[in-house]
Amino acid sequence: MTGRPEADPRPTALTPAWPERAAWGTAPSLRAWQSAAMRQYVEELPRDFLAVATPGAGKTTFALSVAAELLGRRLVDRVTIVAPTEHLKLQWAEAAARAGIPIDPTYAAGKGKTSRDYVGIVVTYAGVAVNPLAMRIRTERFKTLVILDEVHHAGDALSWGEGIREAFEPATRRLALTGTPFRSDVNPIPFVTYAPGPDGVPRSVADFTYGYAHALADHVVRPVLFLAYSGEMQWRTRAGDEIAARLGEPLTKDLTAQALRTALDPGGSWIPSVLAAADMRLSEVRRHVPDAGGLVIATDQDSARAYAKALKQISGEPATVVLSDEKLASKRISEFTDSDRRWMVAVRMVSEGVDVPRLAVGVYATTTSTPLFFAQAVGRFVRARTRGETASVFLPSVPSLLGFASELEVERDHVLGRRITDEADIFAAENDLLAQANAGEAASAELEASWEALGSEARFDRVLYDGGEFGHSGEVHVGSEEEMDFLGIPGLLEPHQVRELLQTRQSERARKQKAAAPDHDRAGDSVAEVSTHEHLATLRRELNGLVAAWHHRTGQAHGITHAALRKECGGPAAAVATADQLHARIDRLREWAARKTS
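What comes next concerns the included structure. As the structure is a prediction and not an experimental result, all values here were calculated from the model. (Residues numbered from 1 in each chain as written. Predicted model: local features only at pLDDT ≥ 70, side-chain atom pairs only at ≥ 80, totals over all residues. Heavy atoms only, no water.)

**Here we look at the overall build of the protein chain**
Counting secondary structure elements, the protein chain contains 21 helices and 20 strands. Evaluated residue by residue, the protein chain yields a buried proportion of 50% over its 598 residues. Sequence separation of at least 24 residues holds for 74% of the intrachain contacts in the protein chain that already meet a minimum separation of 6. About 26100 Å² of surface is accessible on the protein chain, with carbon and sulfur atoms providing 51% of the total. (Helix = DSSP H or I, 4+ residues; strand = E, 2+ residues; numbered from the N terminus. Buried < 20%, exposed > 50% of the residue type's maximum accessible area, 1.4 Å probe, protein only. Contact = heavy atoms within 4.5 Å. Areas by Shrake-Rupley, 256 points an atom, 1.4 Å probe, with all protein chains shown as cover.)

So, in structure tokens, the structure goes:
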């Protein structure tokens with residue numbers, strides 16, 4: 001008796017369009033992590049599988065490899081892909097076509113049949129929520145693989161999660177993908193497994209995880225330079241009070257939000273100065289990467305248009321403006337992707353999933369400040385094409401954003417009912433921030449009524465890279481040689497070369513400043529460093545920030561780290577330590593970070 005030949009257990013090879021996305025030294029058709037995940041999937045063939053992979057690692061390739069494998073084995077007959085946005089529907093359909101899987105990107109829930117030329121459809125989460133019953137009927141008719149892209153969006157609204165569960169509960173296979181930290185709310189994400197953690201609180205359990213740190217070591221993603229800018233802000237409150245504050249200083253949540261909005265106001269000096277600095281950085285990168293592009297992520301449409309106007313004056317070239325409610329938005333993204341134009345300005349639309357590999361410089365010019373959105377935004381710049389490329393992201397010196405930047409390599413799970421045990425924990429205020437972000441226009445209107453920008457001025461603050469901080473002492477003015485020490489870093493360097501160059505330029509500038517100062521000035525400065533309360537407070541904040549970053553990187557408690565620093569460097573507690581003692585501890589902690597990375 002003859003039967004059908006046994007299916008090849010190896011992952012299906014993809015068409016020639018895919019190998020160019022592979023990491024150096026990996027298999028010709030799949031990256032190393034994709035091959036490992038495929039082997040695990042083929043061995044287990046689970047009904048539900050959650051893959052967590054950093055943005056830019058190639059989740060789409062992995063998912064379509066799974067789809068090709070299941071279709072080839074006749075384990076499924078149809079594929080349904082659920083994506084966050086309309087533009088991503090087109091992107092998925094194009095990628096699937098290159099993999100030999102025809103997908104209909106125009107399908108809408110309730111539409112009914114599609115052409116027989118298609119073996120699947122792609123819809124949005126919002127589209128499923130409109131008519132989950134119609135999607136359920138389609139799912140029941142065929143042996144269906146459901147691919148849930150950026151599955152955390154199933155929790156954007158309670159109705160979305162319920163709709164996804166109702167529509168795809170009968171599916172033969174479900175593959176969930178995500179590349180960013182899960183949500184901070186306590187709504188379980190459909191088809192995701194949760195298990196109690198060490199503290200008894202349920203946490204999401206991924207079947208396969210490929211984090212940013214692993215991808216960076218494999219040269220699958222680019223390292224990221226975060227260039228932070230502070231400066232003086234002035235604004236008027238609803239009560240008529242005029243307030244002046246320095247961006248990045250310890251402030252209440254409301255004052256921090258108002259200071260950030262003042263910085264991002266197109267009528268001030270802060271955002272034009274930062275855009276000019278970002279354009280200079282882009283010019284430097286384009287010396288080595290000629291088609292490198294830049295992206296500004298704006299809060300609203302008016303700001304986006306104003307930023308585009310400023311960029312045209314700065315660079316001499318018009319910027320591509322992408323607004324999510326415009327019909328031509330997807331076309332504009334595609335045109336920018338295939339061109340060598342310098343700048344694109346968008347309002348959230350390209351914050352997640354959109355693949356524009358040539359993006360190398362970004363400006364985080366939005367008031368949205370949750371870990372989820374920040375990781376999504378940074379994910380637009382980390383997609384590697386050739387070895388040695390470095391991404392540069394400009395951002396305001398806001399404590400929460402600096403914390404997110406320093407913890408880019410931390411892997412996170414979705415925690416149900418997370419317990420806050422540490423005031424320094426960056427998630428401590430996330431529920432309020434997320435609620436404010438989700439409130440949308442209502443929250444913005446309320447804040448608008450209580451705030452009026454009067455003026456702003458930008459100052460270069462520091463560079464965050466690989467868990468360390470680099471900068472120059474004193475105020476660094478925009479356009480100065482000190483700022484150019486960091487803006488002029490070459491666009492093609494290996495990660496360890498970037499770190500060494502940052503350390504070298506910081507040390508050389510410090511030696512020059514010390515040599516240029518007369519002996520009596522240096523003596524006076526030494527006394528001032530020990531006695532000036534503001535300078536000591538600044539050093540203590542810097543030390544505490546580094547200790548917090550070390551905690552999230554290693555899990556070591558803050559107190560243990562402070563004690564270890566005191567043991568190695570000497571001196572009393574940080575609250576009464578001298579400036580020299582604080583400097584020594586800061587330098588020692590940076591040495592630890594460099595050694596751990598190496």
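Don't stop here, the text continues.
**Digging into the packing of aromatic side chains**
Here a ring pair, both rings aromatic, is described through the centre-centre distance and the interplanar angle of the planes. Inspection of every chain in the model, using the stated rule, returns 12 aromatic pairs. Summarising the aromatic geometry, the rings of Phe-226 and Phe-374 are spaced 5.9 Å apart at their centres and angled 25 degrees between planes, so their arrangement reads as stacked. With Phe-226 in strand S10 (residues 224–237) and Phe-374 in helix H12 (residues 371–378), this pair connects stretches of sequence that are 148 residues apart. Both residues of the pair, Phe-226 and Phe-374, count as buried. One residue, Arg-78, lies across the ring of Phe-142, its end atom 4.3 Å from the ring centre. Sitting over the ring of Phe-191, Arg-174 keeps its end group 3.9 Å from the ring centre. (Phe/Tyr/Trp six-rings, centres within 6.5 Å; stacked < 30°, edge-to-face > 60°. Lys NZ or Arg CZ within 6 Å of the ring centre and 35° of its normal.)

**Let's talk about H12**
Of all 8 residues making up H12, 8 are buried, and the element is well covered by its neighbours. Its side-chain oxygen placed 3.2 Å from the backbone nitrogen of Phe-373, Thr-370 serves as the N-cap of H12. (Polar contact = N/O pair within 3.5 Å; in protein donor to acceptor, adjacent residues only side chain to side chain.)

**Focus on the packing of helix H9 (residues 270–288) against helix H10 (residues 301–315)**
It is the contact of H9 with H10, at a shortest axis distance of 10 Å, that shows an interaxial angle of 50 degrees. The angle between the axes of H9 and H10 places the two elements in the oblique class. Pair H9 / H10 crosses with right-handed handedness. Taking contact as the criterion, the partners of Ile-271, Pro-272, Leu-275, Ala-276 and Asp-279 in H9 are, on H10, Tyr-307, Ala-310, Leu-311, Ile-314 and Ser-315. Grouping the constituent residues of the contact of H9 with H10 by class yields 8 nonpolar, 1 polar and 1 charged. (Axes fitted to C-alpha atoms, helices over the stretch in contact; angles between N-to-C directions. Parallel < 35°, antiparallel > 145°, perpendicular 65-115°, else oblique. Left-handed = near helix turned anticlockwise from the far one by under 90°. Nonpolar A, V, L, I, M, F, W, Y, C, P; charged D, E, K, R; others polar.)

**As for unusual backbone geometry**
In the Ramachandran plot, Arg-74 falls in the positive-phi region, its phi being about 65 degrees despite a non-glycine side chain. Its place among the elements puts Arg-74 in the loop between helix H2 (59–72) and strand S2 (78–83). The phi dihedral of Glu-150 falls on the positive side, at around 50 degrees, and the residue is not glycine. Summarising the element assignment, Glu-150 is placed in the loop between strand S5 (144–148) and helix H6 (158–168).

**Some points on the nonpolar core**
Of all hydrophobic cores here, the largest spans 122 residues; its most connected members are Phe-62, Ile-147, Trp-270 and Phe-394. Ranked by size, the runner-up nonpolar core spans 21 residues in total, among them Tyr-107, Met-135, Val-146 and Ala-171. (Core = buried A, V, L, I, M, F, W, Y, C linked by side-chain atoms within 4.5 Å.)

**Let's talk about the sheet that holds strand S1 (residues 48–53)**
Sheet strands line up and pair through hydrogen bonds in the backbone, either parallel or antiparallel. Across the sheet, which stays open at both edges, the 7 strands sit in the order S3-S4-S2-S5-S6-S1-S9 with parallel pairing between neighbours. Because the sheet does not close on itself, it has two edges, and the strands there are strand S3 (103–104) and strand S9 (208–210). Contacting S1, strand S6 (173–178) and S9, helix H1 (residues 32–44) crosses the sheet at an angle of about 175 degrees to S9. Of the strands in this sheet, S2, S3, strand S4 (120–124), S5 and S6 touch helix H3 (residues 86–98), which is tilted by about 160 degrees from S4. (Pairing = 2+ DSSP bridges.)

**Some details on the pairing of S6**
Both faces of the sheet carry side chains from a regular strand, because those side chains alternate between them. For S6, the buried fraction is high: 6 of the 6 residues fall into the buried class. Residues Arg-173, Leu-175 and Leu-177 point to one face of S6 and Arg-174, Ala-176 and Thr-178 to the other, with burial holding for every one of them. In terms of strand pairing, S1 meets S6 through 5 bridges, oriented parallel. Across the sheet, residue Val-52 finds its bridge partner in S6, namely Thr-178. Relative to S6, S5 runs parallel, the two sharing 4 bridges. Within S6, the position partnered with Leu-148 by the bridge is Ala-176.

**Examining the environment of Ala-108**
Relative to the helices and strands, Ala-108 resides in the loop between S3 and S4. On the basis of relative accessible area, Ala-108 is assigned to the partly exposed category, the value being 41%.

**Re helix H20 (residues 558–569)**
The end-to-end C-alpha distance of H20 is 16 Å, a good match for the 16 Å that 12 residues give at a rise of 1.5 Å each. For H20, every residue scored as buried is listed here: His-558, Thr-561 and Leu-565. An end-on view of H20 places all buried positions within 65 degrees of arc, on one side of the element. Opposite the packed face of H20, turned more than 90 degrees from it, sit the exposed residues Gly-559, Ile-560 and Lys-567. In the stretch just after H20, Gly-570 is the one whose phi turns positive, near 80 degrees. (Expected span 1.5 Å × (residues − 1). Arc of directions from axis to C-beta.)

**Some remarks on the pairing of S5**
Taken across its 5 residues, S5 has 5 buried, putting it largely inside the fold. Here S5 shows a buried face lined by Thr-144, Val-146 and Leu-148 and a second buried face lined by Leu-145 and Ile-147. With 5 bridges joining them, S2 and S5 adopt parallel strand pairing. Among the inter-strand pairings, Val-82 is bridged to a residue of S5, identified as Leu-148.

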